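Residue-level structure breakdown
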Amino acid sequence: MDTTRPVVILNNGVQMPVMGFGVFQIPPEQTADAVRNALACGYRLVDTAASYNNERQVGEGIRSSGMGRAEVFVQTKLWISDYGYDSALRAFDRSLRKLGLDYVDLYLLHWPVPSDFAATVASYRALEKLLVDGLVRAIGVFNFSPSHLERLLAEVEHPPAVNQVELHPYYTQPDLREFNAAHGIVTQSWSPICGVYRYFPTDPQKVKNCLEEPVIVDLAAKYAKTPAQVVLRWHLEHGLCPIPKSARPERIAENIDVFDFELTAEEVAAIDVLDTGVRGGPDPELVDTRMFPRRIED
């Protein structure tokens, strides 16, 4: 396994690993072990969220890994039930307490809430205060479209460093990627190997799986890699920052073993053709506390 782990420089000069380890839908009782395994395999970025209900276990996994705090890039997210300036600051304190950390490397708004964008902006201004106060090293957003970003940028002082979005071969979002790049915003990919179609299938009898696509299977055979590794390499060739998730030790190790081969421009383009233009996850335009009534407990 190649141990080289490249980083990307965010728009405020902070270095962020190009690949992260995601813990979405990993049960709390499995999270600490998964994080510990991931760090042992070479991951240096861990992505969680208040709404994942496993921030405490992420912190446990980091502390038990034997790694120093500065060696691990930790990012978490503000849930929409806590939007608003003061409530966002309180929610951050709760996340920091659960994680058992003194600071967070990257703090994200978990969704835009177009029906109450004023609360979205107020929450982002709270993130700006955390940035200025040194409690977070960088701030960003999740699933913001170009129109959401334009509205936000018109009202805030510090542009997002990262926009984490659903992005995979079935949903490549070229216009959004172009907008992010033009504004110095790094695109981070959630559900990078199309797992969202298994989490939220529109038809359980017809679950899409990009790992079974012939072009990806053929490239895996060519490079003696797995289909998942080919897809993750496709993200890296596009300059994206994927966050694969798994609780299985062998899959955790597999997913980060993608730095010892490259895809050609023609091979990347052949995977691009799989794009359907249809997202697998929720539509950010419709997200609000009625769609997701969940509240975060202490």
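Let us look at the structure shown here. (Residues numbered from 1 in each chain as written. Predicted model: local features only at pLDDT ≥ 70, side-chain atom pairs only at ≥ 80, totals over all residues. Heavy atoms only, no water.)

A few words on the layout of surface pockets. By volume, the largest pocket is sized at about 680 Å³. Taken together, 31 residues form the lining of the largest pocket, with Phe-24, Gln-25, Trp-190, Tyr-199 and Phe-200 sitting closest to its centre. Among the secondary structure elements, those contributing two or more residues to the lining of the largest pocket are helix 7 (196-199) and helix 10 (249-256). Residue composition of the lining of the largest pocket, grouped by class: 16 nonpolar, ten polar and five charged. Size it by volume and the second largest pocket reaches roughly 250 Å³. Taken together, 21 residues form the lining of the second largest pocket, with Val-7, Pro-17, Arg-44, Glu-71 and Phe-73 sitting closest to its centre. Ranked by the residues each element gives to the lining of the second largest pocket, the list is headed by strand 2 (residues 15-17), at three residues. The class makeup of the residues in the lining of the second largest pocket is 13 nonpolar, two polar and six charged. (1 Å grid on protein atoms, 1.4 Å probe; cavity = no way out; pocket = protein on both sides within 12 Å on 5 of 7 lines; lining within 4 Å. Points joined across faces, edges and corners; volume = space filled by probe spheres on them. Helix = DSSP H or I, 4+ residues; strand = E, 2+ residues; numbered from the N terminus. Nonpolar A, V, L, I, M, F, W, Y, C, P; charged D, E, K, R; others polar.)

To continue, consider the packing of aromatic side chains. The full count for this structure, using the stated rule, is ten aromatic pairs. With a centroid separation of 5.1 Å and 75° between ring planes, the pair formed by Trp-111 and Phe-142 is classed as edge-to-face. Residue Trp-111 is found in the loop between strand 6 (104-109) and helix 4 (117-132), and its partner Phe-142 is found in strand 7 (residues 136-142); the two are separated by 31 residues along the sequence. Taking relative accessible area as the criterion, Phe-142 reaches 4% and is therefore assigned buried. The ring of Tyr-103 carries Arg-69 above its face, with NZ or CZ at 4.0 Å from the centroid. Across the ring face of Tyr-170, the terminal group of Lys-208 is positioned such that the distance to the ring centre comes to 4.1 Å. (Phe/Tyr/Trp six-rings, centres within 6.5 Å; stacked < 30°, edge-to-face > 60°. Buried < 20%, exposed > 50% of the residue type's maximum accessible area, 1.4 Å probe, protein only. Lys NZ or Arg CZ within 6 Å of the ring centre and 35° of its normal.)

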